[in-house]
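Examination of the molecular architecture
Okay, here's what each chain looks like letter by letter:
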Amino acid sequence: MWPANFEYVRASTPAEAIDLLSQNDGAKLLAGGHSLIPALKLRLNEPALLVDIGRIAALKSISANGTLKIGALSTHAEVSGSSTVKGYASALAQAADHIGDPAVRNFGTIGGNIAHADPASDPPTVLTAYDATIHIQGASGARTVKAADFFVDLFTTDLQSNELVTAVEIANQGTSKSAYAKLSHPASRYAVVGVCVVLQMNGSTCQSARVAVGGATVKAVRSPSAEAALAGSSLDSAALDAAASAVMKDIQDYVTGDVSFPSDYRHAMAGVYLKRAVRQAIS
Amino acid sequence: MAGLIGSSIKRREDPRLITGEARYLDDVRLPGMLHAAVLRSPYAHARIKSIDTSAAAALPGVVGVFTGKDFADVNPLPCAWQAGGVENHPNTPRVLEIDRVTFTGAGVAVVVAQNRYVAEDALAHIQVDWEPLPVVVDAKKATEPGAPQLHENAPNNICMDWSVGEESAVDQALKQADVVIKHHLINQRLIPTPMEPRGAIAQYLDATGEFTVWMTSQAPHVMRLLMTAFVFGIPETKMRVIAPQVGGGFGSKIFLYPEYCLVAALARKLHAPIKWMETRSENYIATTHGRDHITDIEIGAKRDGTITALKVETYANLGGILSTIAPGIPTTLYGRMLSGTYKVANIYCKVHGVYTNTGMVDAYRGAGRPEATFVIERVADLVAKELKMDVVDVRRKNFIPSNEFPYDPVILRGLKYDSGDYQKGMQRALDILDYKAFRAEQAQARQQGRYLGIGFSSYVEICGVAPSAWIGLPGEGWGAGLWESANVRVHLTGKVVVTTGSQSHGQGHETSVAQVTAEELGISVDDVIVQHSDTLGTPFGYGTYGSRSTAVGTVAVYKSLQRVKEKARALAAHLLEAAVEDIVYENGKLFVKGSPDQSKTIQEVAGAAALAYNLPPGMEPFLDDTAYYDPPNCTFPFGTHVCVVEVDAETGHVQIKRYIAIDDVGKVINPMIVEGQVHGGIVQGVAQALWEGAIYDENGQLLSGTMMDYAIPRADFFPRFELDRTETPSPVNPLGVKGAGETGTIASTPAVVNAVLDALSPLGVETIDMPMTPYRVWKAINESQNGGGA
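Everything quoted here is computed from the prediction, not taken from an experiment.

When helices and strands are tallied, chain B shows 19 helices and 26 strands. Here the C-alpha radius of gyration of chain B, 27 Å, is about what a compact globule of 790 residues would show, namely 28 Å. If one aligns the C-alpha atoms of chain B with their principal axes, the spans along those axes are about 90 × 75 × 50 Å. Across the 790 residues in chain B, those meeting the buried criterion constitute 57%. A separation of at least 24 residues holds for 80% of the contacts in chain B among residues at least 6 apart in sequence.

What follows is the structure, encoded as structure tokens:
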């Protein structure tokens, strides 16, 4: 576990980091380092320059002003422990609390996590279900993109090589109920399958729903058919069965697997965990 | 001090471990030390046509690049335990392979550099011209016609065919049986994963021709013996081996490895200290693995549940090349323990030791006995199922009765189970569990579509492995002895130093040996220190494995203590002007029987012995003794473990609801240490049942090559364990101890498997291979006769 040589620079502002990225081909950003450092140690990645943004204070805050805004460098522990996050997006706090182990949660950041876009990671699924907005800064200024458009493919996002994530923003969800249900890989604790639901309820009737699936899929994906199956229902078992079938149909082009958890299993579990997420949200 | 044996005093090892003051191999830094990195084969089977090291050697900071040809004068490593009584076809590693590799990860070149980063950089610049060869990874397929051949001296990839028992008698018993049950079992390959990977540092002095080698080892004296006598062909006196603080081994650090010899050869070649520290990736491909059996069994039983015959055929995967004691594990430590806790009149077991293009397989915690226990404890459940009997009744019906000890299971070739009371442990487990209530709860849960299951494992294992005359070359093929030795020195001040040939890599010997010493001498435990793991200054020992350090090593200490006490009594008699027979030694005081007021303390006697102003005629100064102990028999811990699970039929997820372990490890020196051993053992054994498994693809690439894929369990996977003990002292040794290092691993795996299959029995699930991952359980449910669409 011996990385190849690299240069190291600590950036003090986002602009400085963006400059360094622009000037150095193949430079990589270092935030919490929990995806990058293992890759360096295995020599799966050999960047010439690491730009450390880990101490940029401006990217660390969690605030709520009509919408919830979480700075990119907020750690998973900060996200899971924040009463503000719990109030606005309880499923995000819940998911963050089950990432890795305490050491990972104390170092890994939400911005670093989504920029890495590991398909088995939890935050992309949850942010997709919340229809979150990703704030991005680059050489030509700031821009935003919706989570569903941000995650492009396996380990691939909409980020350009000289851009960085500055924050994620989640709109006020009103009285909605949400939950994230996950089957953890026993070794890595990444999601074998993770399903997040956000339900707008009117009494016992579900007015509308957003459903996202990760772990089982090459990227976090929404399931419009499952959302339609839940909307207008009382979330009884017939509706849940319909939604489970629908989510399996929607994700079938994205399903992935490995020798321990093949795709047929993950595919089926997306339906099972959708039901569990819904039950958990309304319990 | 009285009462120390049996007391849960805190481990004196722990403060340095907790505070980070403990010095592991990687903490050792010598002046002028250079760093080695090993280039490993990316192919599971290939010929090395040529190696060009010039580009790597030209990198700044690189001191030298070497291949196997540079060490042609260094002998291959020895295989020190070949299967007893049969022909073996051993093939062992060289420090670096020269012509051919037989598993992914075999070392073929080494870079020595100023630091490890440069050494690793240089690896990428070594050009190897490979000729890939066909690969076989499955032990049974490797023996079939047309399979790739790994070694010229091993036709059909067979290293050895070994058997125990009379095949014709078993066949006859099977014919006469009321029922015959056939079953196929896979005991999958595991990766030991100690917290500290392996490493070694070697220094060589030209002036004296002496090596000092620091290494992560469970057996430093044996390492010295093997390296000097077999690999380098030099006198033992020319090497000192030091195993500093060792961070766990689980068997994987018993063995001599190529890299340990390589750093020594390099140190001699380059006249500089050389360090090699394994990465976790290397640990997974190049350190030994465990288990990996494919087994077919045939069981004969009477209608009343009596097991009358057991016929077993096992293909034991030994890997691409032999590790130090590989052939002994699936033979002596497996085949000879297949009777378990039961009276089985007829047992025959045939074992094929097979080479495949996979990493080396050798002892892993339990070493053979978990594999045997898995077979016989599945057998008990299979018989119950076939005869529609209760699994507890089948066990109780077949248990060896407590009045038949010492018991000769015949297949142990003369050794006898030393002592036991198997019904008692089972009854204790049933009481804690409330078995009747559980079965009622299970029936009720099934009505609600919930799948609770219970699994039992009533095990016996073999510890304190010795008698040298039994296990040695003429008997079981072990190429050495297996006694232990110890030295006890009582200094002038009365402080005691015990040196032992055993090695501690987590077992807490520094505490438990001090407890025995302090109790025997009647002094404070703080006045005893225990030293180990350096061939300079400790007496010879065969090392720590097979739960033998207490039953053999500590008994050597005990023996030495008796002789020290004897001499102290003789000196006290002289000082008190009394006859030796009248001297009482009690609580650290020596006095004439009936006159405790006129006493000498052991400290006073030690002082008198050390000063030697006033000794009886002919007595040598000092209280000091070295004892050697070669036990007359092994010891046989036993017990019953019970696991209660709930299976989520929708996902296949197995939740452990309760885990009850009743162990009998003989007399206990430190209950807390024993409980710690049992906890860790259960965790590893349950992990085999549910999570762990090394997976090679058909090209011989290890797919489970990192801890992101290989599932080492975490604390929150488990409920609180419910532990209890029965205590049946071993008659084999004066301490009455048996051994507690492996019981948890040996017992737990079949308890979990039996529990999961019990849970799923209403669905018609017959068997599920380990690890019983959610996917495999889910698939088994979906494919079962009653489970589809559940």
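The structure having been displayed, the exposition proceeds.
The next subject is the overall build of chain A. Helix and strand counts for chain A stand at 12 helices and 14 strands. A compact globule built from 283 residues would reach a C-alpha radius of gyration of about 19 Å, and chain A, at 19 Å, matches this within 12%. The C-alpha extent of chain A, read off along each of the three principal axes, is 60 × 45 × 35 Å. Every one of the 283 residues in chain A was classed for burial, and the buried ones make up 52%. Long-range pairs, those at least 24 residues apart, make up 62% of the contacts in chain A between residues at least 6 apart in sequence.

By a widespread convention, an interface's size corresponds to the accessible area lost as its parts come together. The interface is formed by 15 residues belonging to chain A together with 21 residues belonging to chain B. Considering every element that reaches the side of chain A that touches chain B, the biggest residue donor is helix α12 (residues 263-282) of chain A, with 3 residues. Looking at side-chain class alone, the side of chain A that touches chain B contains 13 nonpolar, 2 polar and no charged residues.

This part is about the sheet that holds strand β8 (residues 179-190) of chain B. Residue and element names in this part refer to chain B. Strand order in the open sheet formed by 5 strands is β7-β15-β14-β13-β8, with mixed pairing between adjacent strands. What marks the edges here is a single partner per strand, and that holds for β7 (158-164) and β8. Geometrically, the sheet is characterised by an average inter-axis angle of 10° between neighbouring strands, direction not taken into account. Examined bridge by bridge, strand β14 (residues 307-319) and strand β15 (residues 346-355) share 10 bridges and lie parallel to one another. The residue bridging glycine 319 from the neighbouring strand is tyrosine 355, located in β15.

Residue and element names in this part refer to chain B. Where strand β24 (residues 638-648) lies against strand β25 (residues 653-664), 11 bridges are found, and the strand directions are antiparallel. By the bridge assignment, valine 645 is partnered in β25 with isoleucine 656. Taken together, β24 and the strand that follows it, β25, pair antiparallel across an intervening segment of 4 residues, in which glycine 652 is found at a positive phi of about 80°. In the sheet, β25 pairs with strand β26 (residues 722-725) via 4 bridges, with the strands oriented parallel. Bridged to alanine 661 within β26 is leucine 723.

Rules used throughout
- Residues numbered from 1 in each chain as written.
- Chains lettered and ligands numbered in written order.
- Predicted model: local features only at pLDDT ≥ 70, side-chain atom pairs only at ≥ 80, totals over all residues.
- Helix = DSSP H or I, 4+ residues; strand = E, 2+ residues; numbered from the N terminus.
- Rg over C-alpha atoms; globule rule 2.2 N^0.38 Å.
- Buried ≥ 20, exposed ≤ 12 C-beta atoms within 10 Å, placed from the backbone.
- Contact = placed C-beta atoms within 7 Å.
- Nonpolar A, V, L, I, M, F, W, Y, C, P; charged D, E, K, R; others polar.
- Pairing = 2+ DSSP bridges.
- Axes fitted to C-alpha atoms, helices over the stretch in contact; angles between N-to-C directions.

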